[in-house]
Amino acid sequence: MLRRALLQASTRCRFSSSSSLLLASRRQCSSSSPSSDDHFVEQSVDTPQTPPSATISIDRSTLYHPSDHSHEPTADSELVKHLKNIIKFRGGPITVAEYMEEVLTNPKAGFYINRDVFGAGGDFITSPEVSQMFGEMIGVWTMCLWEQMGQPKKVNLVELGPGRGTLLADLLRGASKFKNFTESLQIHMVECSPALQKIQYENLKCLTEDGIDGNTEKRCISTVAGTPVSWHMTLEQVPTGFPTIIIAHEFYDALPVHQFQKASRGWCEKMIDVTENSLFRFVLSPQPTPATLYLMKRCRWAETKEIAGLDHIEVCPKAMDLTQEISNRIGTDGGGALIIDYGLNGIVSDSLQAIRKHKFVDILDDPGSADLSAYVDFAAIRHSAEEVSGDVSVHGPMTQSQFLGSLGINFRVEALLENCTDEQAESLRTGYWRLVGNGEAPFWEGPDEEAPIGMGNRYLAMAIVNKKQGVPVPFE
Ligand code: SAH
């Protein structure tokens, strides 16, 4: 029930950039969302009865029992084979987090790795793809923070998971008149997908130049505002020692979550196993798993009443660790981070979902062909940041609607509407509504099923800044 309620209230509509596109929001497709419980079995902890014997017996009860060897060709994808092999050679099930990480970012066959997953022809659409105004407003926020930082001459501007690079392209175009700002920027894209890195290179209109001052390393320059750009697989690889501004839009929701379920023997981790018929299914761990430490940590940050009614809890150790890395960096080098995602300001119960071609699908169905994402636990981000650094302050979360509204998106849409075609005007209005509205657009006159759905209250914005910078706009 809780799961259904969450799904119905779910936010991660990655919406259409054009009103004529028929892209379903999460809310619209919730009815077709299959329950993962269909696959669910509780893993037995009983040891089988051993017959009396004079020979030495080995307890194989916890070992993997492969189904009989067969020479039938299987239609399994490379990723499915890989997942089954991990389970087989491990001799037991894997965590939901391991599954999610392999499915999304396996270097050969992960969902994000080899293709462009965004847009009408892809699996979902994100806010930067909905409207140029999104990247422009993030640009306003970034410039305000840079001002508060004392207009440093050299700043790392880092984007975590930049997708197609649209947000930064709009940010740079919008800021290109402010030369002092753009000339200070060193852009760092943290992106694990070679296919998306290529698209980002193109969208930022990059050129590759020979290194300067005898440096043999080539460097990339985005011609949008003449800024150097480099790519990294992780945040750790981004050089330190400079004030840094970090943007994470719809990045945290792709980080792998561990799922726990309350059973008669206490909290057990939900794991993924393979049945005798070679299908994936959920099982419960027979004993505590390493991620239980994170569950305990997360629960210590919660009030007893917050946990009391729950029988499922999700924790995201990678989100906690990443936040600590961000906070340490900002605490030492100065600057700030902006995190925008859909989620809750508290414990998340059971939110993991799979979306393929704009529709909900089963989490275990054809892994690698659908996006997996989970709600972001903003309260855990706050606690993680505060735990690790006394030099940073955490602000928000506030709704995306409040955030973009306070930064002046209303003025921006009005300015753009003054000088555009009818078609552009419609796209601006629907895009604006999707970013800041709530529910179906009241002005919509087209078919009901195509009505733009506002996600302004579903998405939340949070900032982590060095205390020297004071309170960032618009969190005052
Ligand atoms: N911010 C973009 C894209 C969001 S989708 C937008 O709003 O349009 C998630 C992005 O994060 C993709 O670019 C994906 O390839 C990247 N990504 C996901 N997991 C990652 C990881 N562990 N390391 C680096 N990049 C990752």
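Residues numbered from 1 in each chain as written. Predicted model: local features only at pLDDT ≥ 70, side-chain atom pairs only at ≥ 80, totals over all residues. Heavy atoms only, no water.

A separate point is the site of the ligand. Among the 19 residues in the neighbourhood of the ligand, the closest are listed as Thr126, Gly161, Gly163, Glu191 and His249. A distance of 3.0 Å separates an oxygen atom of the ligand from a polar atom in the backbone of glycine 163. Its free accessible area being 570 Å², the ligand has 93% of it covered by the protein chains. (Near = heavy atom within 4 Å. Polar contact = N/O pair within 3.5 Å; in protein donor to acceptor, adjacent residues only side chain to side chain. Areas by Shrake-Rupley, 256 points an atom, 1.4 Å probe, with all protein chains shown as cover.)

We now examine the packing of aromatic side chains. The geometry of two aromatic rings is summed up by the distance between their centres and the angle between their planes. If you walk through the whole model with that rule in mind, you get ten aromatic pairs. Taking 5.2 Å as the distance between ring centres and 70 degrees as the angle between the ring planes, the aromatic pair formed by phenylalanine 111 and tyrosine 112 counts as edge-to-face. Of the two residues, phenylalanine 111 and tyrosine 112, neither departs from the other in class, the shared state being buried. With centroids separated by 6.2 Å and ring planes inclined at 90 degrees, the aromatic side chains of tryptophan 433 and phenylalanine 443 adopt a geometry described as edge-to-face. Residue tryptophan 433 is found in helix α16 (residues 422-436), and its partner phenylalanine 443 is found in the loop between β18 (438-440) and β19 (453-455); the two are separated by ten residues along the sequence. (Phe/Tyr/Trp six-rings, centres within 6.5 Å; stacked < 30°, edge-to-face > 60°. Buried < 20%, exposed > 50% of the residue type's maximum accessible area, 1.4 Å probe, protein only. Helix = DSSP H or I, 4+ residues; strand = E, 2+ residues; numbered from the N terminus.)

Now for helix α6 (residues 132-148). For α6, with 17 residues, the first-to-last C-alpha span of 25 Å sits near the 24 Å given by 1.5 Å per residue. For α6, the buried fraction is high: twelve of the 17 residues fall into the buried class. Within the span of α6, buried status applies to Met133, Phe134, Gly135, Glu136, Met137, Ile138, Gly139, Trp141, Thr142, Met143, Leu145 and Trp146. Of the residues that open α6, the one with a side-chain oxygen 3.1 Å from the backbone nitrogen of methionine 133 is serine 131. (Expected span 1.5 Å × (residues − 1).)

On to the pattern of salt bridges. Applying the stated criterion to the full structure yields 18 salt bridges. For lysine 318, the salt bridge is made with glutamate 101, and the minimal N-O distance between the two is 3.0 Å. Note that lysine 318 is positioned in helix α12 (residues 317-333) and glutamate 101 in helix α4 (residues 96-105), a separation of 217 residues in sequence. Looking at lysine 318, the relative accessible area reads 40%, which means it is partly exposed. Here the salt bridges do not stand alone but share partners, grouping Glu136, Asp170, Arg173 and Arg412 into one network. (Salt bridge = Lys/Arg side-chain N within 4 Å of Asp/Glu carboxyl O.)

Moving on to the nonpolar core. Tyr99, Leu160, Tyr252, Ile326 and Leu372 are the most contacted members of the largest nonpolar core, which totals 58 residues. Counting 53 residues, the second largest nonpolar core, distinct from the first, contains Val130, Met189, Leu404 and Val465. (Core = buried A, V, L, I, M, F, W, Y, C linked by side-chain atoms within 4.5 Å.)

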